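Here are the chains, one letter per residue:
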Amino acid sequence: MQHLPTGTPLRTQAFSPDLSPLVLAIPENPLRALFPYAARPGMLNLASGHPSPDAYDTEGLTEASRRAAADAAAWSYGPSAGDPQLIAALEALTPTRPRGHRLIVTSGAQQAVDLALRSLARPGSTVLLPEPIYPAILSICAAAGLRVEAYRLKADDPELADLSRALGRGEVAALYAQPTFSNPGGETWGLAVRKRVLELCAAHRVPVIEDDPYRALCHAEAPPAALVELSAQVQGSIVIWAGSLSKTLAPGLRLGWAAAPPTVTGPMTELRQAGDLQPNSLAQRVALRYLELDRLDRHLTRVRGLYAARHDRLAAVLGAAGFSFEPAAGGMFLFPALPEDTAIEGLFERVLKQNVLYAPGPSFALNRDARFGNRLRLCFAGLDAEALATAAARLVAALNE
Ligand SMILES: Cc1ncc(COP(=O)(O)O)c(C=O)c1O
């Protein structure tokens with residue numbers, strides 16, 4: 001390498017760096033784009049999927065934070081796969097899984113899905129996604145250089161012939177599934193569908209990523225067994241399960257976890273350390289100390305009751321106003337279709353004028369096209385009962401203003 005003689009003037013000119021095509025391909029996340037509206041004073045936010053302020057166990061989180069902060073381990077580095085003590089505590093919150101599956105701590109379910117996809121799918125390969133889709137999954141796929149293809153499970157196709165054809169087209173690196181209290185649809189797959197999906201994926205040697213952050217938020221009945229649990233009964237099936245503390249405890253902790261065979265958790269951990277070394281030590285200690293307080297069951301019982309009542313209240317208002325939708329048995333969302341005669345043009349702005357925010361349906365289409373143009377995603381968890389009732393009434397009043 002040649003060195004410039006000292007004193008040689010460097011000719012510098014401003015330039016724009018070339019950006020990676022992968023970064024340029026990341027579509028705008030339409031839900032994050034709503035944040036500035038959500039921050040307006042007095043806005044009643046039906047758009048975002050987070051707990052309402054009265055659904056946090058503030059007392060428990062405060063005590064857990066106090067105990068965590070007094071612990072030197074909270075302020076230091078730790079293992080890339082997560083704090084072993086927290087991993088041991090998360091075992092109890094993980095569905096039964098095949099022998100040998102390991103747990104790793106991640107930054108939310110989002111990172112668990114990201115690490116799983118990037119470990120399993122080479123750039124240019126195809127990932128099968130359900131539609132409507134939680135749009136942050138499209139960001140992951142774009143950043144990893146993956147093609148996406150929609151699959152649909154129809155009640156009149158119990159053999160899932162459509163899915164079988166999609167799996168057979170080759171170059172399918174993974175199937176992403178959100179079979180329990182889905183976002184945005186609020187749907188839950190029955191047991192027979194779960195088993196059939198696993199059988200088909202096993203036959204085509206396609207691993208399944210089960211994104212399962214809402215499992216604990218059931219209203220009356222517990223949901224069917226997780227795919228990861230059922231995979232022990234379906235020879236050859238592989239499921240990488242992703243869970244989260246965001247919807248049950250606090251999304252700001254940014255803590256989730258994955259359960260997968262070590263052949264997958266190993267590469268996921270390597271990818272993780274390549275990106276940011278390890279999960280946040282303080283957040284992990286807070287979560288650990290919280291779980292040690294033994295308050296989670298009581299907290300979840302309270303939250304399930306709150307959300308079930310809010311779901312029913314919102315569903316009653318929407319039903320009376322002529323929306324059509326399937327009720328949800330858990331989770332946080334309804335994805336209703338507008339009454340037939342609604343003037344859809346300008347609806348978002350009309351509702352916004354009433355200080356109410358919703359997530360427009362096309363945000364959940366794979367190609368952000370006009371699909372789901374007559375639908376809205378409404379979160380029934382993020383507002384207290386009174387604010388939810390006000391927001392729903394204003395939404396209905398704005399329909400044909
Ligand atoms: C289906 C689904 N997956 C993943 C996430 C991300 O959750 P986390 O906060 O655990 O990263 C969400 C959040 O809304 C979600 O709905």
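Nothing here was measured: the structure is a model prediction, and the numbers come from that model. (Residues numbered from 1 in each chain as written. Predicted model: local features only at pLDDT ≥ 70, side-chain atom pairs only at ≥ 80, totals over all residues.)

Caption draft 1: Spatial organisation of the overall build of the protein chain. Of regular secondary structure, the protein chain possesses 14 helices and twelve strands. A globule of 401 residues ought to have a C-alpha radius of gyration of about 21 Å, and the protein chain, at 23 Å, matches this closely. For the protein chain, the C-alpha atoms occupy an extent of roughly 75 × 60 × 55 Å along the three principal directions. Expressed as a percentage of its 401 residues, the buried residues of the protein chain come to 45%. (Helix = DSSP H or I, 4+ residues; strand = E, 2+ residues; numbered from the N terminus. Rg over C-alpha atoms; globule rule 2.2 N^0.38 Å. Buried ≥ 20, exposed ≤ 12 C-beta atoms within 10 Å, placed from the backbone.)

Caption draft 2: Main features of the site of the ligand. The local shell around the ligand holds 13 residues, among which Gly108, Ala109, Gln110, Ser244 and Ser246 are the closest. Sort the elements by how many residues they give to the shell around the ligand and helix α5 (residues 108-120) lands first, with three residues. Considering only residue class, the shell around the ligand consists of four nonpolar, eight polar and one charged. (Near = placed C-beta within 6 Å. Nonpolar A, V, L, I, M, F, W, Y, C, P; charged D, E, K, R; others polar.)

Caption draft 3: Molecular detail of the sheet that holds strand β12 (residues 376-379). One open sheet holds the three strands; their spatial order is β9-β12-β11, and the pairing between them is antiparallel. What marks the edges here is a single partner per strand, and that holds for β9 (333-334) and β11 (359-360). Here two bridges tie β11 to β12, and the two strands are oriented antiparallel to one another. When the sheet's bridge partners are listed, Pro360 is paired in β12 with Leu376. (Pairing = 2+ DSSP bridges.)

Caption draft 4: Region of the structure containing the domain arrangement of the protein chain. Segmentation of the protein chain into domains returns domain 1 (21-56 + 297-398) and domain 2 (64-292). On the side of domain 2, 31 residues touch domain 1, which itself brings 31 residues to the contact. Counting residues per element, the ones that place at least two in the side of domain 1 that touches domain 2 are α12 (296-320) and β9. Among the elements that take part in the side of domain 1 that touches domain 2, α12 stands out by supplying five residues, more than any other. Its residues placed into classes, the side of domain 1 that touches domain 2 shows 21 nonpolar, seven polar and three charged. (Domains from an automatic or database assignment. Contact = placed C-beta atoms within 7 Å.)

Caption draft 5: Molecular detail of helix α3 (residues 58-69). With twelve residues, α3 should cover 16 Å at 1.5 Å per step; its first-to-last C-alpha distance of 16 Å lies within 8% of that length. When α3 is considered as a whole, its buried residues turn out to be Leu61, Ala64 and Ala68. Around the axis of α3, the buried residues are gathered within 65 degrees of arc, so they sit on the same side. Away from its buried face by more than 90 degrees, α3 exposes Thr58, Glu59 and Arg66. (Expected span 1.5 Å × (residues − 1). Arc of directions from axis to C-beta.)

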